[in-house]
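# Overview (structure and organization)
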Amino acid sequence: RDYTGVLRIRSAMVEDHDDLMPVFRAQRADAESLGEFFLARLVQGQDAANRALVAEADGRAVGLLSVTADVQLAPLQEAFDLEPFDFLVRDYALAAVRVHQEHVDMVARQRAEHAERLESAMREARRNVE
């Protein structure tokens, strides 16, 4: 159903189960295969890494958002262009700058070593000619 009123967002509670099951069934055909109290267990299992939020309208839960911090990034990075979001890696930009600077420093050292070897070889060649 369309809803355009004010929604209140709050932490989900086990008591929201009965209001949320019709919403969940409408969105997922295999909802029953997850078990009778799947949503209750999901809500009850909240911790620092797993949260469940409810959208409430007129005192009833009408929507659920479940989020987790336990994400496997590799499949997401392979499937989506995440470069604009630093590949979802914390401090990626800082790490990229550090890696770039290390590369620039390494190339500068290699060039300096090459120039030194070349200069040494030229000095040796001049001595051999004289």
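Residues numbered from 1 in each chain as written. Predicted model: local features only at pLDDT ≥ 70, side-chain atom pairs only at ≥ 80, totals over all residues. Heavy atoms only, no water.

Next up on the list: the side chain of Arg-10. Mapped onto the elements, Arg-10 comes out in strand 1 (residues 8-11). Its relative accessible area of 12% is what places Arg-10 among the buried residues. The residues contacting Arg-10, other than those within four sequence positions of it, are Asp-16, Ala-52, Leu-53, Val-54, Glu-56 and Ala-61. (Helix = DSSP H or I, 4+ residues; strand = E, 2+ residues; numbered from the N terminus. Buried < 20%, exposed > 50% of the residue type's maximum accessible area, 1.4 Å probe, protein only. Contact = heavy atoms within 4.5 Å.)

A few words now on the sheet that holds strand 2 (residues 50-57). Spatial strand order, 1-2-3: three strands in an open sheet with antiparallel pairing. Each having just a single partner strand, strand 1 and strand 3 (60-68) make up the two edges of the open sheet. For this sheet, the mean inter-axis angle between neighbouring strands, taken without regard to orientation, is 25 degrees. Relative to strand 2, strand 1 runs antiparallel, the two being bridged by four bridges. Paired with Ile-9 across the strands is Ala-55, a residue of strand 2. Contacting strand 2 and strand 3, helix 1 (residues 17-27) crosses the sheet at an angle of about 75 degrees to strand 3. (Pairing = 2+ DSSP bridges. Axes fitted to C-alpha atoms, helices over the stretch in contact; angles between N-to-C directions.)

Now for unusual backbone geometry. In this structure, Asp-58 is a non-glycine residue whose phi angle is positive, near 55 degrees. Mapped onto the fold, Asp-58 is located in the loop between strand 2 and strand 3. With relative accessibility at 71%, the residue Asp-58 sits in the exposed group.

Before going further, it helps to spend a moment on the pairing of strand 3. As paired elements, strand 2 and strand 3 share eight bridges and run antiparallel to each other. When the bridges of strand 3 are listed, Leu-53 appears paired with Leu-65.

This next bit is on the nonpolar core. Ala-12, Leu-20, Met-21, Phe-24, Ala-31, Leu-39, Val-43, Ala-52, Val-54 and Ala-61 together form the largest nonpolar core, which totals 10 residues. For this core, the secondary-structure elements that each account for two or more residues are helix 1, helix 2 (38-44) and strand 2. A total of three residues in this core trace back to one element, the largest contributor, which is helix 1. Beyond its immediate sequence surroundings of up to four residues, Leu-39 is in contact with His-17, Leu-20, Met-21, Phe-24 and Leu-64. (Core = buried A, V, L, I, M, F, W, Y, C linked by side-chain atoms within 4.5 Å.)

Position of Glu-56 relative to the elements: it lies in strand 2. Look at Glu-56 and you get buried, because its relative accessible area is 13%. Engagement of the side chain of Glu-56 in a polar contact is seen with the side chain of Arg-10, the distance being 2.7 Å. (Polar contact = N/O pair within 3.5 Å; in protein donor to acceptor, adjacent residues only side chain to side chain.)

Within helix 1, burial applies to His-17, Leu-20, Met-21 and Phe-24. With its buried residues spanning 115 degrees around the axis, helix 1 presents them on a single face. For helix 1, the exposed residues lying more than 90 degrees away from the buried face are Asp-18 and Ala-26. Each element contacted by the buried residues of helix 1 is listed here: helix 2, strand 2 and strand 3. (Arc of directions from axis to C-beta.)

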